[in-house]
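# Fold and geometry: a report
For reference, the chains in residue letters:
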Amino acid sequence: MASEPDDLYTLRTLFWLGNYQRAVTEGSGLTRLPEALRIEVKEFVYRSYIAMGQHSIVLDEIKDAPGTPVSLQAVKLLARYLSDPSATELVLMTLGEWLADPSSAGNPSLQLIAALIYMHENNIKDALKAIRHGTTMEQLALTIQIYLKMDRPDLATKQVRLMQQADEDATLTQLALAWTYLANGGKKLQEAAFIYEELIDKFGPTTSLLNGVAVANMHMGKFDEAEKTLASALQQGPNDPDTLVNLISCYQHLSKPTELIQRHINQLRTGAPNNPMVQQLNTVEGAFDRVADTYALKD
């Protein structure tokens, strides 16, 4: 995007591609910048720590003080939300207050964080409302994810065009294009795979990019190729929930041994108990157990 300074290009790109540790390292070296950019650097660094599950660093370093920028307060709120389920009600109440306050409501970072939290709550309506007037690349990209979650690839495609008008070659634009190609399916699946592979060639593999290639291949019925790609992703992030979910699905299609599939399900349950797949499995197993108990009582 032409209006965004080049100083943060590498930092943003690393974050968007899921290379969080390198993003932290890159951000730590960006010191001689104007105040506004220094704050943005901190945002990406702290969000990288959150993505790596290191919430305590964020909670400890961002102070609850009047002088703390709204954008950093929002990042801290996200860390609190993800690290402490008992704080959910307080976090949502705080979000509502900040979004209703004219002095903070227009902050793009707050809007983005609010949408992320509402998406975690499966509150699609408020997530979309939080960034409905968004103009930053991240806000546009998140709007695309929301539309895809709503099963509206047509609306997502329109948003991609807005991003292409702003900066067709931007990494985030390319990622958004790949997301919509995956959603549209058909011949677009191969194009999605090409985008992910080109990004890997340019920036190196990350669990996010490898999963993108694997999902495209799975949709095209190339499960053997998908398995190899997911194995590489698992080496990079052994407990990455997306990798485990996709690997479980891949193994099922390849008719792998039940004990191998169950091992990865157990690993997913341990590392990501709130993952939607885990919750669905718990619901199904709970229903089965209830039916089994009914028959046992009849016997």
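Structural notes, computed from the coordinates. Just so you know, these numbers come straight off a predicted model, no measurement behind them.

Here we come to the overall build of the protein. Regarding its fold elements, the protein presents 17 helices and zero strands. In terms of overall size, the protein behaves like a compact globule, its C-alpha atoms giving a radius of gyration of 21 Å where 299 residues would be expected to give roughly 19 Å. When burial is assessed residue by residue, the protein has 44% of its 299 residues classed as buried. Averaged over its 26 positive side-chain charges, the protein has a centre that lies 2 Å from the centre of its 36 negative ones.

Of all hydrophobic cores here, the largest spans 73 residues; its most connected members are V58, M163, L175 and Y196. Those residues within four positions of Y196 in sequence are excluded, and the remaining contacts are L175, A178, W179, L182, L209, G212 and V213. Among the nonpolar cores identified, the runner-up in size contains 17 residues, and L230, L247, I261 and A272 belong to it.

The next thing to look at is the packing of aromatic side chains. Evaluation of the coordinates by the stated rule reveals two aromatic pairs. Centre to centre, the rings of F15 and Y20 are 5.5 Å apart; their planes meet at 65°, and the pair counts as edge-to-face. Geometrically, the ring pair formed by F15 and F44 is edge-to-face, given 5.4 Å between the ring centres and 70° between the ring planes. A residue pair is termed long-range when its members are at least 10 positions apart, and F15 in helix α1 (residues 9–16) and F44 in helix α3 (residues 35–51) qualify at 29 residues. Both residues of the pair, F15 and F44, count as buried. Feature note: the residues F15, Y20 and F44 constitute an aromatic cluster, connected by ring pairs.

The next thing to look at is helix α2 (residues 20–28). Along α2, the positions that sit buried rather than exposed are A23, V24 and G27. The arc that holds every buried residue of α2, seen down its axis, measures 100°, which confines them to one face. Contacts made by the buried residues of α2 are with α1 and α3.

Attention now moves to the environment of R47. Relative to the helices and strands, R47 resides in helix α3. Among the residues examined, R47 registers a relative accessible area of 10% and is labelled buried.

Along the polypeptide, T243 turns up in helix α15 (residues 241–253). Residue classification places T243 among the buried positions, given a relative accessible area of 0%.

Attention now moves to α15. An α-helical turn contains 3.6 residues, so a residue and the one three or four places further along point in the same direction. For α15, built from 13 residues, the straight-helix expectation of 18 Å at 1.5 Å per residue is met to within 8% by its first-to-last C-alpha distance of 19 Å. Buried within α15 are the following residues: T243, L244, N246, L247, I248, C250 and Y251. Of the residues one or two after α15, S255 is the one with positive phi, at around 55°.

Turning next to the pattern of salt bridges. For the coordinates displayed, the defined rule picks out eight salt bridges. Here E35 ties to R38 by a salt bridge, and the two come within 2.6 Å at their closest N and O atoms. With E35 and R38 both in helix α3 and three residues apart, this pair spans about one turn of that helix. In this structure, E191 engages K188 in a salt bridge whose closest nitrogen and oxygen atoms are separated by 3.8 Å.

On the surface, a cluster of negative charge is made up of E197, E198, D201, D224 and E225. Broken down by secondary-structure element, the contributors of at least two residues to the negative patch are α12 (188–203) and α14 (223–236). Broken down by element, the negative patch gets its largest block of residues, three residues, from α12. A residue is classified by how much of its surface remains accessible, and E197, at 32% relative accessible area, is partly exposed.

Look at α1 against α2: their axes get within 8 Å of each other, and the N-to-C directions meet at 160°. Between α1 and α2, the angle is such that the two are roughly antiparallel. Considering the relative orientation of α1 and α2, their crossing is left-handed. Contacts between α1 and α2 involve T10, L11, L14 and F15 on the former and, on the latter, Y20, R22, A23, E26 and G27. Looking at the contact of α1 with α2 residue by residue, the class counts come to five nonpolar, two polar and two charged.

Thresholds applied
- Residues numbered from 1 in each chain as written.
- Predicted model: local features only at pLDDT ≥ 70, side-chain atom pairs only at ≥ 80, totals over all residues.
- Heavy atoms only, no water.
- Helix = DSSP H or I, 4+ residues; strand = E, 2+ residues; numbered from the N terminus.
- Rg over C-alpha atoms; globule rule 2.2 N^0.38 Å.
- Buried < 20%, exposed > 50% of the residue type's maximum accessible area, 1.4 Å probe, protein only.
- Lys, Arg positive; Asp, Glu negative; His and termini not counted.
- Charge placed at Lys NZ, Arg CZ, Asp CG, Glu CD.
- Core = buried A, V, L, I, M, F, W, Y, C linked by side-chain atoms within 4.5 Å.
- Contact = heavy atoms within 4.5 Å.
- Phe/Tyr/Trp six-rings, centres within 6.5 Å; stacked < 30°, edge-to-face > 60°.
- Arc of directions from axis to C-beta.
- Expected span 1.5 Å × (residues − 1).
- Salt bridge = Lys/Arg side-chain N within 4 Å of Asp/Glu carboxyl O.
- Patch = residues over 30% accessible without salt bridge, like charges linked within 9 Å, V, L, I, M, F, W, Y side chains within 5 Å.
- Areas by Shrake-Rupley, 256 points an atom, 1.4 Å probe, with all protein chains shown as cover.
- Axes fitted to C-alpha atoms, helices over the stretch in contact; angles between N-to-C directions.
- Parallel < 35°, antiparallel > 145°, perpendicular 65-115°, else oblique.
- Left-handed = near helix turned anticlockwise from the far one by under 90°.
- Nonpolar A, V, L, I, M, F, W, Y, C, P; charged D, E, K, R; others polar.

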